[in-house]
Structure formats: C-alpha cells, structure tokens
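The lines below spell out each chain.
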Amino acid sequence: MKYIIEPPKSWKIKNEKNIEENVYFNLLRKFKESDTIFEIIKKSGEIKKLNKKKCIHLSRNFASEIKKNIQNKNSDDQIKIMGIISASEESVILMLASLYLGAHHCICFEDLSPEAIYQRLDIFKPDIIVCKKDLQKKIESALAKNKVVKTSILVIDIEKIDNLPPQKDKVINYKNNYNLFTLFTSGSTGKPKAIIHGVREYLKYAKITTKYFFGVKRYSKIFTAVDAGWINGHTYAFYGPLLSGGISIINEIPTLISIPRILGKYLNQIRPECFYTSVTLLRLLKSMTKDHEKLSNYSSKDFKIERIGSCGEPLAHHVGKWAIDFFEPSRKSIVNTYFQTETGGILVAPRDEDLAPKDYSCVGKPLKELGLFQAKDLINPEQLAKENIQPNELLVKNYWSGIFNMVVSDKRSKYFTDSGYFRLHDVGYLDDDGYLYIGGRSDDVINVSGHRISTSEIESICLNLDLIKEACAVSASDSLTGEKIVLYLTPSKIICEVNPIIIKIKQTIENKLSKYHLPSRIEFFNELPKTQSGKIMRRIMRDLAENNYFNEKLDYSTLANKENFLKSKELFLNSKKN
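Residues numbered from 1 in each chain as written. Predicted model: local features only at pLDDT ≥ 70, side-chain atom pairs only at ≥ 80, totals over all residues. Heavy atoms only, no water.

> Teacher, can you tell me more about helix H2 (residues 52-68) here?
Over its 17 residues, H2 extends 24 Å from the first C-alpha to the last, a length consistent with the 24 Å expected when each residue adds 1.5 Å. The element H2 is largely enclosed, with a buried count of 12 among its 17 residues. Those residues of H2 that sit buried are Lys 52, Cys 55, Ile 56, His 57, Leu 58, Ser 59, Asn 61, Phe 62, Ala 63, Ser 64, Glu 65 and Ile 66. The opening residue of H2 is Asn 51, an N-cap whose side-chain oxygen sits 3.3 Å from the backbone nitrogen of Lys 53. (Helix = DSSP H or I, 4+ residues; strand = E, 2+ residues; numbered from the N terminus. Expected span 1.5 Å × (residues − 1). Buried < 20%, exposed > 50% of the residue type's maximum accessible area, 1.4 Å probe, protein only. Polar contact = N/O pair within 3.5 Å; in protein donor to acceptor, adjacent residues only side chain to side chain.)

> Can you help me understand the side chain of Lys 132 in this one?
Considering the arrangement of structural elements, one finds Lys 132 in the loop between strand S6 (128-131) and helix H5 (136-145). Those residues within four positions of Lys 132 in sequence are excluded, and the remaining contacts are Lys 43, Ile 85, Ser 86, Ser 88, Glu 90, Glu 110, Val 155 and Ile 156. (Contact = heavy atoms within 4.5 Å.)

> Any chance you could explain the nonpolar core here in plain terms?
Soluble globular proteins: nonpolar side chains tend toward being buried together. Counting 68 residues, the largest nonpolar core has Phe 38, Phe 62, Ile 66, Phe 214, Phe 238 and Tyr 239 as the members making the most contacts within it. Looking at this core element by element, the count peaks at 8 residues for helix H3 (residues 89-100). The residues touching Phe 62, leaving out its near neighbours within four places in the chain, are Ile 93, Leu 94, Ala 97, Val 130, Leu 154, Ile 156 and Ile 161. Counting 30 residues, the second-largest nonpolar core is a separate cluster that includes Ile 41, Ile 257, Tyr 266 and Phe 327. (Core = buried A, V, L, I, M, F, W, Y, C linked by side-chain atoms within 4.5 Å.)

> What's the story with the packing of aromatic side chains in this structure? I'm lost.
Two aromatic rings, taken as a pair, are described by how far apart their centres are and by the angle between their planes. Following the criterion strictly, the structure yields 27 aromatic pairs and no others. Taken together, a centroid distance of 4.8 Å and an interplanar angle of 85° make the contact between Tyr 24 and Tyr 100 edge-to-face. In this pair, Tyr 24 sits in helix H1 (residues 23-28) while Tyr 100 sits in helix H3, placing the two residues 76 residues apart along the sequence. Tyr 100 carries the same exposure label as Tyr 24, and that label is buried. Ring geometry for Phe 238 against Tyr 239: centres 4.8 Å apart, planes inclined by 85°, an arrangement best described as edge-to-face. (Phe/Tyr/Trp six-rings, centres within 6.5 Å; stacked < 30°, edge-to-face > 60°.)

So this is what it looks like as structure tokens:
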C-alpha cells in the first residue's frame, strides 16, 4: 500500500493563482553568455568548463531529443523524466533540459540494482528514462519487471548532442500545480520513499541558504562533492549556486578525491571558496594523512580556502578538529549541516558570523524564525505519551520554504504532531548558548530493563576512541531484558587482538554512561553498510543483530560501499564458522 503525506493546510503557502515561472531563465539570468557556470572534473582527469552559451546549446538540443522520444503524452500534462545518472556533465545538462521543458525530474543513483530501479519506476512512473550508454541493459532489465509503466530509454551522449543543429523550441513555464523534482530515500522498511519538492518556495530556500551558510555570491565557486541523486546534489551543487550567480564544481570521480594528494591538486587548480563534502570523505582523508600534514603540503602556499562544510551523518569532534587543522580555512567553523531530504536544504549549521562553537559536533544555532525546540518545551507529558514522542525529540514550530510538497511512502509516516509541529524524528538538545547538538534518530532508542538507551550516546563514546572509525549500536530482542544492545564497530587500523579493545570499550561505556548501556555483543567489520549520503544502513545491522545471519534476499544495491561491505559480510560469516 502507498500513502500520500502532505503538510497540513496551515503549513501550505497560498500561492498566487495562475502565476507561471520560467525556471530555466531565472537560473541562468545572472550570467553572461561567456561566463563559466560549471567546472567538471572529468573521469579522464581533465577539468572541463561549461559556459552559459554552451549550457544553453546542449540543454536545448537535449530537451528536443527528450520530446521526440516521449510517446502518447497529453500536451497539458507535466512531463516526468527519470535520470539514472551520477554527478557528471550529463547530469547537469539533463537537469537543465528538464527545466527547459517545465518537467518534473527524478535523479536516481547509477549503482542501483534492476529491482531497486523497478521499485522507483513503479512509484514515479516516468515518461522517459535518461542514462549513459553503459547502464542501458540494466535499465531494460528493470523495465522488463514492470508491467505497468511503459516508457522509453534515451541514452545521453554529450558529443552527439553538441553536434546537433541548434534547436529553438519555446521554453515551457512551470505552472502553479507543477512539481520540480522527486528524490528517493531508503525508508525504514527498506522500500524507497519518494520526497517531492515544488517550485517557487523550494527555489527561494535554495538561494537563501546557499548564500547564508556558504557565502556564495556572483562568480564565487562552491565544490559540493556529492552525488546528483542526493538533496545536496540538487540544492547546493545546482539550484543554489546558479540562483546566486556562483560557479559549481561537479566531480565525476568521487573516489579519487579521497586521496589527499589528488584532492590538493584539484583544489589548487580550481580554487573554490568553499569545499562541501560528506563526513565519510573527511574520515577517509584523515585516515590517509600523517600527523601534522596540511592541505598546503599538496597545493600552492598562496591558495587559501574560505569555508569547508560537512554533510551526510554526524560529525565527530575529533574529525572536525582534524579537518580544520588540515584545510586551514580562513573561516574557522565547519558548516556542519543539519538537514533532511524532506527539508529541501539546510535547517541549521554553524557559521563564523555567529561565533564558532566549542565542539565541532555542534550543528550551529537555529534561527529564531525557524522555531526549533525540544518536544517537551512545546507539548505536555500526557500528549507526548499519547503520540509516542520522545521528550527530547526535535520539532519545528514555523513554516520554512524548503519543506516538501508531498511524500509517497509504503507506511503512514507521521511528519506532524497533532498540534501541528513538524517532527524531525531526531533527538537533540540546545546548550546554554543556544547551540544545537543532534543525538540521533528518535526511534533509535533501546529499552533495556525499562531503561531507555540512546544508541547515539554509545556510538559517540566509541568514536572518541582513536582505534574506532565507525560505530553502530542496534537492538535485538531479549527474553530477560526486553531488548539488548549489539554494537558493530569498524577499527581505524588493523587489529591483531580484539579482546583488549572490547574490554576497554566496555569499561569506557560503563564509566561514562552506565552498566545498562553495555552491549551484550561487540562485532568488528572492515566496513559498515552505508547509503550514498554516508549514513549507516541500520536496518541491515538490526536484521543481523536479531537473526545472527545476513538476509540474502535483501537488495544491497542502494549501498554506496556494497562491494567492501559484502567482503566484510564474508569475514563475519567465516568468523562465525570458526
């Protein structure tokens, strides 16, 4: 069953009727024809620049090709385009072509399995699928599973598009009821969840937050090193920079920039004001650098980056401190962003302009206009219990323009309280100075003999140990205590003897938390399963904790590190046999 979730009427902005918007023109209007809009780090290693004139030529031509390949479409209906494509030159041309057509686009990760693609096709029901040549067979396999959606596949070939004669079809405006894009996230049940964003309000939020948090202005450069299938790949690698008149750096080879020497080389060549990337990448860079090494060891001494930002998962203080020491940005706060796909963009993040927080795990000081509070400050205890809301769950009181238009899910998710507050489904706290710290998902609470244990507390303790790179605490049922804690860890270096480390971890947890926080079992993995945004796939680890085996029927294609995790899986199974 599919559920459609929309914000309540009190949260919906009353748009003026019959107003149409030329999004394509608005995104490009700040640039001259010769101005560079994108700099692409190609798979070949070269840096290719796309100016406004070239972007218009390529996107118009490709928009024409899309129209030719769509069949039986009512001219009054909005076109729906699904792109199964990574961050690349092709992805930005596809998105621009979609805007030229006034279309509703959906970008999905390239490494999804045919089954995962099929699930997304079934929900989005596109009029056309766009991909690169090497993905065509996999998508045909996904289409063969789908008896309902009848759609064509269009291979995007930049050289071929460039050589077509210039097309001059009229730009199609976005009507009042049109959607801009859909992104899929992995729902708590494992089924994909579609997050749909609108036009005017989302674009307003993209522009405001790009300027406010990253300081992007005309001709400044932002290197947002994330995939196109992620909300950051939309808001801070495409829409926000273009609306601000900034230049966006697109990277086609994400694994390459995890090597400090190569990252330093590209940053030195491109010279962006801001480098915004995942916590996962920061941890990788940290593991590959020696003590006291700096970015300046790999780039010119005269290059100084202005800001760095992190996203995807919680930033540990020691990783943040390393990042500041390594990159030496002129602004000493990390833009440690807190957001969700549903929020459309950043809700809160630290800025130097607000004074740097003492702890790099902090996500900044929320704006008063947002109205972000702990649930216990807004709702009485009886109502909290009735709605099953944790007292320290974070709620948003006021409307912000980035909020989703609609969510399509296989479960009836409750995004709003009965009293009309938006539920972030994260727990956290505000310190005496008003700075926010995120504690984890509100449903990541384990009840051990009546004691409510936050998994994030245990994970934070582990991550502060030099030997631990990643931590994931999950629950498993227990006949005596109701639930028990199972802890999965990734070491930061090769370990020969695990018992002394396990003893140290348990002693630290008991000393800093309590005996109720002690895990019943601790297992080591070379890598934990992670999404494209760097978040640990807890449902996979919960299944393992509960059943003590891997469910072979699970679709692992949504993992960013599938191959490495599956190797860890084999190591785990072998250790169980031994």
